[in-house]
Amino acid sequence: MISIQLILLIIFGLAAIWFGWRVFMTSSMVRSALSLLGSMVAIGILFLVMEAEFLGVLQIMMMGTEMSIMAIFMMMYMMDPGGLGNMDMSHQKKISIAAGVVVTVLIVGVALFADWGTIVTQVPTPHEQNRMLGMEILKRSMMIFETAGVTILTGMIASIAVALSIKKQR
Amino acid sequence: MIALLLTILGPLAGSIWITAIRRKIAYAALTGSLVSLTGSVLLFLYMIEGKIITATFAGLPNLPFRLEVTELSAVLALVVSVITTFIFIYAIGYMAEEKGKLRFWSGISLFLGAMQLLVLAGDWILFVMAWEIMGFASYLLIGTWYWKKEAGDASTKAFLMNRVADLGLYVGVFVIILTGGSSQIAAEPMQGISMAGALALLLAVIGKSAQVPFQSWLSAAMAGPTPVSALLHSATMVAAGIILLLKAFPLFSPEALIWVGSVGGVTILLTGATAVFSEDIKRMLAASTSSQLGFMVLAVGAGYPGAAIAHLIAHAFIKSSLFLGAGIFQHEIGSTKYEKLSGAGKKLKLTFSGFALAGLALAGIPPLIGFWSKDAILAAGLQADPAAWYFPAASIGAFFTAIYMGRAFGILWKGKARPDETPQRSLPWMHTGLLTLVAATAVGGLFLDPLVEEAGFSIPKGTLAMISGLIVAVSGLPIGWFAPAPVFKKRIWMFFRDNYPVAGGYNRVAVQPMLALAKGFNAIETSLLQAVFVIGTAFLAIARWLSEGIDRATAYVIDWIGAFNLKIARLSGFTDDKGIVEGIALLVDSVQRLGYYGRKIQSGLVHRELAWSVYGMVFALIIILLTYL
Amino acid sequence: MELLITALIIAAVLFGIGLYGVLSQTNLVMIMMGIELMLGAAMVNLVAFWRYLHPEAFSIQMFVLVAMTVMALEGAVGFAIATQRFRTSGSVEMEESAELKG
C-alpha cells in the first residue's frame, strides 16, 4: 500500500544515501563535511516521517552543530581542504568496495527474508511519546541514563586531557 | 604306757643328747640305758601281774603302728636292757682312752633304742623300721675307728650283706600283710603264709643272724670295739633274726620249718668248724656266735621255740661275758691274735676266771646256765619229727663248742706270760661289767626255766639229751685243751678258718666286679660327654658359617639394590633433561614462531586493522545467520 | 510491511557506504565521518523497529538516545586524538602511522 509515509520515506532515504555517497566522492573537505550534514539532516527527517518527533528534532539539532565543528577540524588538519589538488586520497579500494557491498547485501537479505511479524499502525501522539519517553528515562532506564551521563563526563575529560599539549622545555 | 616310752625313748634321748650337746657323753649314754632298764623292769612287773599293755598310733592307711607288751617281749626287753647296762659300764672303762667316743656312744644309744623298739613292736612295719635302724647303727659302730682300712671295709661289708638279706624281710612282710590283711603281729593268726613268704623271711634271718651262707660279715665285724661286738654281735642284734623267727613262728608251715631247721643245722656244723680252727680270739667268738645262733634256728625249725628262747637268753649273757673278757685281754695285751695272747690268762687272773666260767657255761657244764639251754635244744632235736639228723647235728655242734672253748682256755693259760709293759688302768669299770654278767651266767640257770615259762613257752626236757650233752661237753674240753699250736698251717684248716672262701671269697666275687662295672660306666659317661662336646662344637661351626654366609648375601643384595636405584635415578634425570625440558623448550619455540608469523600479518596501519575487523564481523554475521536458518 | 522493509534497506545502504568510507579513506577525519554514517544507519534501523513493531516500548528510543550520545562522544574524543596526532607528527594521514607494527 503506497502511502504518504512510504513516499516520503523513499524520497528522504534516497536523499540520505546520495548525500552519504557524496561525502566520499568529493575531494574537497568542506564539501564532504557539508554532505555529511545533509545526510544527517535527511536521517533526522526520516525520524520525523516515522513519527519519532523528539528523536528527529534532536538528531537535526545535534548533527547541525557537530558538522559545523567537523568542518572546522577538516580545515585544520587537511592538506588540501579545498580539494583543488586532485589527489586520490583512498587506499585498498577493492577491499573496501567488496566489504561494503557484501555487508549491504547481507543486511538486505536479512531484512527481506526475516519474519518481522505484524506491523503496528497505532502510534502514540508526540505529546504522549514525550511523556512516555521521560517516564522511561526516569524509571526503567534510569541507570542507563546515569551511566550515559557519567560516560559523557568521562569523555569530556578524556578529550580535554588528550588534546592538551605537553609543554617541552626547549 | 609311760614304761613303754621310757624303755624305747630313754636311750634315744641319750643318743640325741650326745650328738647335740656333746658333754658327759658316757654318763649320758649310761643314763639312757638306766632309764630303759627302769622301763623294762616296770613292763616285766606289769606283765607278771597280768596286764597286757598295747599302744596304737597312726601309721600307714589301714596299717596303724602298734606297740605290744606280750610275755615274750617283756622278758626279752628286760634281758636286753640288763645286758646293755652292764656292757655300758664296761665300755666306759674300755673307751676311756680310745678315739671315736662321740660316734661310739651316740651309735650305741641309738642301737639300744632301736632294739627295744624291735622287741616291743606289735606290728610288722614298726618291726621293719627298727630292723633297719639297727642295721644302720651297726654300720656306724663297726666303723667307729673308720680311719683304719679294715674297719671301713668291714662296716661296708656288714651293711651290704645285711641289705641283701633284708630284701627277704621286705618280701616276707609284704606276703604276711597280704595274706593276713593287717600288719599286726598276732599270736594266733588266721592262716599261715606261703612257702615263698616263709623262705623270704628265712633269708632275712640268715643275713641278720649270720647263718650260712651269709656268715662272713660277722668275722669281719670284729674290727669294731669290743663292747660293740659284745652287745651287737653276740647278744642282741644277731638275736634279732631269732626274734623274727619267734614272732613269725605261728605263720610257718611244717614244710617251711624243715628248711629252717636245715639251715640251722648246716650253720652249726660249718661255723663250729671255723671256730675250732681260728687263730684270733674274737673271730673264734664270732664263729661261735654263728654256731650258737644256728642252734636256736634249729630249735625253732624243730618246732620248739621255747628252747630257742632259753638258749637266746643264756647265750646273750654267756657270749657277752666272753667278749668282755676278750676285750680286757685285747686292751691289756694290745692284740686279739692267739699268738700274742698265749699266757695272758696268767697275767690277768680275774679276767681269766670270768672268761673261763662263761666258757664252761657255753660248753654246757652244769649247773651253769648254758647247760640248761643246751639240754633244751638237744631235747628239742630228739623230739622233733626229722629227728634223724637234727639231734646228731646238734650233738656234733655241742662237741665243737667244747673243743674250741677248751682250746681257748689252753692257749690263754699255757705259755709264758709276758712281763708287764703297761700299767693296768680303767680296769675297775671293765671288771664290774664283766663280773656282773658272769655272775648272771653262774646263777641264771636257776631262773631260766621260770623265765621262759613267764614268756609263755615251755622248755623241752629229755634224759637222753641231758646225758648226751654232758658226754659231749666233758669229752670236748680236754681235746681242746690239749690241742696243738695256736696257728694251723695246713691249707685245709685255713680253708675252714677263713669261713670257706669260695671262688676267691667276698672280695673277688662281689667287690671286684662291681668296681669294674662302675669304671666301665664312668668310661661310657666320659665318652658321652666328649661326644656332646664334639656335637656342640660342630653346631657352633655351622652357626658361624651360616651367619657369615648370610652377612655376605645380605651385603651383596643391598649393593645390587643400591646400584639399581642409582641406575633408575640416572635414567629419571636423563628423561627429565631430554624429555621434559626439551618438551618445554619446544613449546616455547613453537609459541615464539607463532608470534613471529603473527607479527608478519600485523602492519600497524589503521585501515588494514579495520579491514581485518570487518572480515571478522562479516564472518560472525554469517555464522549467526546460519544458526537462525 | 513495505514501510519497514524500505526503511531497513535504506539503513543497509547507508551502512555499506559508511563502511566503504571507513576502509578506504586515509584521513582520520574521513574515517570518523564514515563511522558517523554507520551509526546513523543503525539509528534509522532502530527507529524503524520502534515505529513498526513496538511503538509502546520506549526503551528503544532510549537506545537511540544512547547511540546519539555515543556519536557525539566518539566525535569529541576522536578529534582530540587527531589534534594530538597533528601536533606530534604534523598530519593525520593514516598511511604513515605504522608505529604499532610489532
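Residues numbered from 1 in each chain as written. Chains lettered and ligands numbered in written order. Predicted model: local features only at pLDDT ≥ 70, side-chain atom pairs only at ≥ 80, totals over all residues. Heavy atoms only, no water.

### Some details on the overall build of chain A
Defined as follows: The numbering of helices and of strands both runs from the N terminus, where a helix is a DSSP run of H or I of at least 4 residues and a strand a run of E of at least 2. When a residue's accessible area, from a 1.4 Å probe over protein chains only, is under 20% of the maximum for its type it is buried; when over 50% it is exposed; and in between it is partly exposed. Here a residue-residue contact requires only that any non-hydrogen atoms of the pair lie within 4.5 Å. A 1.4 Å probe and the Shrake-Rupley method give the accessible areas. Residues count as covered only by the protein chains that appear here.
Along chain A, the regular secondary structure elements total six helices and zero strands. Ordered by position from N to C terminus, the α and β elements of chain A give α-α-α-α-α-α. Every one of the 170 residues in chain A was classed for burial, and the buried ones make up 36%. Relative to all contacts within chain A whose residues are 6 or more apart in sequence, the contacts with residues 24 or more apart total 56%. Only carbon and sulfur atoms are counted for the fraction: they give 72% of the accessible area of chain A, which is about 10200 Å².

### Thoughts on the overall build of chain B
Within chain B one finds 23 helices and two strands. In chain B, the share of contacts with a sequence separation of at least 24, taken over all contacts with a separation of at least 6, comes to 81%. Surface summary for chain B: the accessible area is close to 29000 Å², and the carbon and sulfur share equals 71%.

### So, the packing of helix α1 (residues 4-25) of chain A against helix α2 (residues 28-52) of chain C
The condition is simple: A fitted line through C-alpha atoms represents every axis, and for helices the fit uses only the stretch in contact; the resulting angles, taken between N-to-C directions, go from 0 to 180 degrees. Working rule for angles: under 35 degrees goes down as roughly parallel, over 145 as roughly antiparallel, 65 to 115 as roughly perpendicular, anything else as oblique. Crossing handedness follows the turn of the near helix against the far one: under a right angle anticlockwise gives a left-handed crossing, and clockwise gives a right-handed one. Nonpolar residues are Ala, Val, Leu, Ile, Met, Phe, Trp, Tyr, Cys and Pro. Charged residues are Asp, Glu, Lys and Arg, and all others, Gly as well, are polar.
Where α1 of chain A meets α2 of chain C, the axes come as close as 10 Å, and the angle between the chain directions of the two elements is 165°. Between α1 of chain A and α2 of chain C, the angle is such that the two are roughly antiparallel. The crossing of α1 of chain A and α2 of chain C is left-handed. For the pair α1 of chain A and α2 of chain C, the contacting residues are Gln 5, Leu 9, Gly 20, Val 23 and Phe 24 of chain A in the first and Met 30, Met 33, Gly 34, Leu 37, Arg 51 and Tyr 52 of chain C in the second. Across the contact of α1 of chain A with α2 of chain C, the residue classes break down as seven nonpolar, three polar and one charged.

### As for the interface of chain B and chain A
Basically, it comes down to this: Using a 1.4 Å probe, buried area is obtained as the accessible area two parts lose upon being combined, added over both of them. In what follows, salt bridge is the name for a side-chain nitrogen of Lys or Arg lying within 4 Å of a carboxyl oxygen of Asp or Glu. Counted as a polar contact is a pair of N or O atoms within 3.5 Å, where, for protein atoms, one must be capable of donating a hydrogen and the other of accepting one, and residues adjacent in sequence contribute only when both atoms are in side chains.
Counting residues at the interface gives nine residues for chain B, matched by eight residues for chain A. Both sides of the chain B and chain A interface together cover about 720 Å² of buried area, and 78% of this is carbon and sulfur. Area buried by chain B at its contact with chain A is led by His 607, Val 618 and Leu 625 of chain B, which between them contribute 47% of it. Counting the contacts that link chain B with chain A gives zero salt bridges. Here chain B and chain A share zero residue pairs in polar contact (both at pLDDT 80 or more) between them. The residue makeup of the side of chain B that touches chain A, split by class, is seven nonpolar, one polar and one charged.

### As for the packing of aromatic side chains
All names here are of chain B. Threshold: Pairs were defined over the aromatic rings of Phe, Tyr and Trp, the Trp ring being its six-membered one, requiring ring centres within 6.5 Å. Orientation was assigned from the angle between planes: stacked under 30 degrees, edge-to-face over 60, tilted for the rest. Two conditions define a charge sitting above a ring: the NZ of Lys or the CZ of Arg must be within 6 Å of the ring centre, and it must be within 35 degrees of the ring normal.
If you walk through the whole model with that rule in mind, you get 20 aromatic pairs over all chains. Counting every residue linked through ring pairs, the aromatic cluster contains Phe 329, Phe 352, Phe 355 and Phe 409. The ring of Trp 147 has Lys 99 sitting right over it, with the charged end atom 5.3 Å from the ring centre.

### Describing the environment of Thr 144 of chain B
All names here are of chain B. The residue Thr 144 is located in the loop between α5 (124-142) and α6 (149-180) in this model. Each C-alpha atom, one on Thr 144 and one on Ala 223, is 9.2 Å from the other, the two residues being 79 residues apart in sequence. When residues no more than four places from it in sequence are discounted, the contact partners of Thr 144 are Met 95, Gly 100, Arg 103, Phe 104 and Pro 225. A polar atom in the side chain of Thr 144 sits 2.4 Å from the backbone oxygen of Leu 141.

### So, empty space enclosed by the protein
Residues and elements named next belong to chain B. The criterion, for reference: The way it works is a 1 Å grid over only the protein atoms, where trapped points that fit a 1.4 Å probe form a cavity and open points with protein on both sides within 12 Å along at least five of seven lines form a pocket, and then any residue with an atom within 4 Å of a point lines it. Grid points are joined across faces, edges and corners, and a volume is the space filled by probe spheres set on the points.
Inspection of every chain in the model, using the stated rule, returns five cavities of 30 Å³ or more. For the largest cavity, the calculated volume is near 80 Å³. Elements represented by at least two residues in the lining of the largest cavity include exactly α3 (71-94), α10 (237-248) and α13 (305-333). Of the residues forming the lining of the largest cavity, the biggest block, four residues, is contributed by α3.

### Considerations on the pattern of salt bridges
Where charged atoms from two side chains of opposite charge come close, those side chains can pair. Going through the model one piece at a time under the given rule, you end up with six salt bridges over all chains. The closest approach of N and O atoms between Glu 128 of chain A and Arg 131 of chain A, which form a salt bridge, is 3.8 Å. Of this pair, Glu 128 of chain A and Arg 131 of chain A both sit in helix α5 (residues 126-138), separated by three residues, roughly a single helical turn. Linked by salt bridges that have partners in common, Glu 132, Arg 163 and Asp 166 of chain B make up one network.

### Re helix α20 (residues 463-481) of chain B
All names here are of chain B. Which entries qualify depends on this criterion: By this rule, a helix spans an expected 1.5 Å times one less than how many residues it contains. The arc refers to the directions leading from the helix axis to the C-beta atoms.
Between its terminal C-alpha atoms α20 stretches 28 Å, which fits the 27 Å expected from 19 residues at 1.5 Å a residue. Among all positions of α20, only Ala 465, Ser 468, Gly 469, Val 472, Ala 473, Gly 476, Leu 477 and Gly 480 are buried. When α20 is viewed along its axis, its buried side chains cluster within an angular range of 155° and face the same direction. Opposite the buried face of α20, by more than 90 degrees, sit the exposed residues Thr 463, Leu 464, Ile 471 and Val 474.

### Some thoughts on the pairing of strand β1 (residues 53-60) of chain B
All names here are of chain B. Convention followed: DSSP bridges decide pairing: two strands pair if at least two such bridges lie between them.
Bridging between β1 and strand β2 (residues 63-69) involves six bridges; their strand directions are antiparallel. Residue pairing for β2: Ala 55 is matched across the bridge by Leu 67. Linking β1 to β2, which pair antiparallel, is a turn of two residues; within it Asn 62 sits at a positive phi near 70°.

### A word on the interface of chain A and chain C
Between chain A and chain C, the residue contacts involve 81 residues of the former and 66 residues of the latter. The contact between chain A and chain C buries some 6800 Å² in all, and 78% of this surface belongs to carbon and sulfur atoms. The largest contributions to the chain A side of the interface with chain C come from Phe 24, Tyr 77 and Trp 116 of chain A, which together make up 12% of the buried area. On inspection of chain A and its partner chain C, the count reaches one salt bridge.

### Concerning the environment of Gln 211 of chain B
All names here are of chain B. Relative to the helices and strands, Gln 211 is located in the loop between α7 (195-208) and α8 (216-220). The exposure class of Gln 211 is buried, given its relative accessible area of 0%. Leave out the neighbours within four places in its chain, and Gln 211 touches Val 205, Ile 206, Val 263, Gly 264, Thr 267, Ser 290, Leu 293, Gly 294 and Val 297.

### Concerning the packing of helix α2 (residues 29-49) of chain A against helix α3 (residues 53-77) of chain A
All names here are of chain A. Packing of α2 against α3 leaves a shortest axis separation of 8 Å and a crossing angle of 175°. Between α2 and α3, the angle falls in the class roughly antiparallel. Across the contact of α2 with α3, the residue classes tally to 20 nonpolar, four polar and one charged.

### Thoughts on the side chain of Asp 280 of chain B
By the secondary structure assignment, Asp 280 of chain B is in the loop between α11 (254-276) and α12 (281-302). Ignoring anything within four residues of it in the chain, the contact list for Asp 280 of chain B reads Thr 336, Lys 337 and Tyr 338 of chain B.

### Some remarks on unusual backbone geometry
The backbone of Glu 51 of chain A sits at a positive phi, close to 60°, despite the residue not being glycine. Mapped onto the secondary structure, Glu 51 of chain A falls in the loop between α2 and α3. Positive phi outside glycine occurs at Ala 210 of chain B, with the angle close to 55°. With respect to the helices, strands and loops of the structure, Ala 210 of chain B is situated in the loop between α7 and α8.

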